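Here are the chains, one letter per residue:
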Amino acid sequence: MKKHRIAPEVKEQIINRIKNDGVTVATAAKDHGVSEASIYDWLGKNIKGVSSFPEMNKLKQENTEPLRLEGEITLKLSESKKRSDQTQNALEDRTGTLAWCGALHLVLQTE
């Protein structure tokens, strides 16, 4: 195809037809006499909210730290619960032993 500049208004019209009217890129390209590649390029540049690679890397690094901290906290909570369970078991063992000793004492006193 012959290279020529497309007016910004025409580009916007083509993009709107594709986005809003459901026209395919191939149809819009054929109707307006431009290449599909050009339209895809315009669509890519027209997308808002898409991050560049440096922005994506920065966001990835920012997200890594909270995930690391969450992992550490989870591990510490798990270890703390394990120690608490062990302490609870030890207390139950002692309570059982004390109860047994108390019962034995009562038996011995009645004899």
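Cut-off values and rules
- Residues numbered from 1 in each chain as written.
- Predicted model: local features only at pLDDT ≥ 70, side-chain atom pairs only at ≥ 80, totals over all residues.
- Heavy atoms only, no water.
- Helix = DSSP H or I, 4+ residues; strand = E, 2+ residues; numbered from the N terminus.
- Buried < 20%, exposed > 50% of the residue type's maximum accessible area, 1.4 Å probe, protein only.
- Contact = heavy atoms within 4.5 Å.
- Areas by Shrake-Rupley, 256 points an atom, 1.4 Å probe, with all protein chains shown as cover.
- Polar contact = N/O pair within 3.5 Å; in protein donor to acceptor, adjacent residues only side chain to side chain.
- Core = buried A, V, L, I, M, F, W, Y, C linked by side-chain atoms within 4.5 Å.
- Salt bridge = Lys/Arg side-chain N within 4 Å of Asp/Glu carboxyl O.
- pLDDT = per-residue confidence, 0-100.
- Patch = residues over 30% accessible without salt bridge, like charges linked within 9 Å, V, L, I, M, F, W, Y side chains within 5 Å.
- Axes fitted to C-alpha atoms, helices over the stretch in contact; angles between N-to-C directions.
- Left-handed = near helix turned anticlockwise from the far one by under 90°.
- Arc of directions from axis to C-beta.
- Expected span 1.5 Å × (residues − 1).

**Student:** Mind showing me how you'd approach the overall build of the protein here?
**Tutor:** Check the secondary structure of the protein and you find 4 helices and 0 strands. Start at the N end of the protein and walk to the C end: the helices and strands fall as α-α-α-α. The buried share of the protein, reckoned over its 111 residues, is 12%. Across the protein, every contact between residues at least 6 apart in sequence was considered, and the portion connecting residues at least 24 apart equals 40%. Surface exposure of the protein reaches about 9,500 Å², of which carbon and sulfur atoms provide 58%.

**Student:** Can you walk me through the environment of Asp31 in this structure?
**Tutor:** Of note, Asp31 is situated in helix 2 (residues 25–32). Residues Asp31 and Ile14 lie 17 residues apart in sequence; the distance between their C-alpha atoms is 9.4 Å. A distance of 3.1 Å separates polar atoms of two side chains, one belonging to Asp31 and the other to Arg17.

**Student:** Looking at this structure, how should I read the nonpolar core?
**Tutor:** Note on soluble globular proteins: their nonpolar side chains tend to be buried together. With 12 residues, the main nonpolar core is built from Ile6, Ile14, Ile15, Ile18, Val23, Val25, Ala28, Ala29, Val34, Ile39, Trp42 and Leu43. The set of elements that each furnish at least two residues to this core consists of helix 1 (8–21), helix 2 and helix 3 (36–46). Here Ile39 is in contact with Ile14, Ile18, Val25, Ala28, Ala29 and Val34, once residues within four sequence places are set aside.

**Student:** Quick question: what am I supposed to make of the pattern of salt bridges here?
**Tutor:** Here the idea is simple: oppositely charged side chains can pair when their charged atoms come close. Applying the stated criterion across every chain, the model contains 4 salt bridges. Salt bridges here are not isolated pairs; linked through shared partners, they connect Glu65, Arg68 and Glu72.

**Student:** For this particular structure, what's the right way to read the confidence of the model for the protein?
**Tutor:** Low pLDDT marks stretches whose predicted atomic positions should not be read closely. Averaged over every residue, the pLDDT of the protein is 81; residues scoring 70 or more account for 77%. By mean pLDDT, helix 4 (residues 53–110) is the weakest element of the protein at 79, and helix 2 is the strongest at 93.

**Student:** What am I meant to see in a nonpolar patch on the surface here?
**Tutor:** A surface patch of nonpolar side chains, about 290 Å² in accessible area, is lined by Leu69, Ile73 and Leu77. Note that Ile73 resides in helix 4.

**Student:** I'm lost on the packing of helix 1 against helix 2 in this one. Help?
**Tutor:** Two measures define how a pair of helices packs: the angle their axes make with one another and the distance between the axes. Two elements in contact, helix 1 and helix 2, have axes separated by 9 Å at closest approach and are oriented at 145 degrees. Handedness of the crossing formed by helix 1 with helix 2: right-handed. On the side of helix 1, the interface is formed by Val10, Gln13, Ile14, Arg17 and Ile18, while helix 2 contributes Val25, Ala28, Asp31 and His32.

**Student:** Looking at this structure, I do not really get helix 2. What am I missing?
**Tutor:** Burial in helix 2 covers these residues: Val25, Ala28 and Ala29. Each buried residue of helix 2 lies within a common arc of 100 degrees when the element is viewed along its axis, so the set occupies one face. Positive phi appears at Gly33, one or two residues downstream of helix 2, with a value of about 70 degrees.

**Student:** I'm lost on helix 1 in this one. Help?
**Tutor:** For the α-helix, the turn length of 3.6 residues means that residues three or four positions removed from each other point alike. An ideal rise of 1.5 Å per residue puts 20 Å on 14 residues; helix 1 measures up with 19 Å between its terminal C-alpha atoms. Among the residues of helix 1, those classed as buried are Ile14, Ile15 and Ile18. Here the buried residues of helix 1 occupy an arc of 95 degrees about the axis, which is enough to place them on one side. Away from its buried face, by an angle of more than 90 degrees, helix 1 presents the exposed residues Glu9, Asn20 and Asp21. Positive phi shows up at Gly22, right after helix 1, with a value of about 75 degrees.

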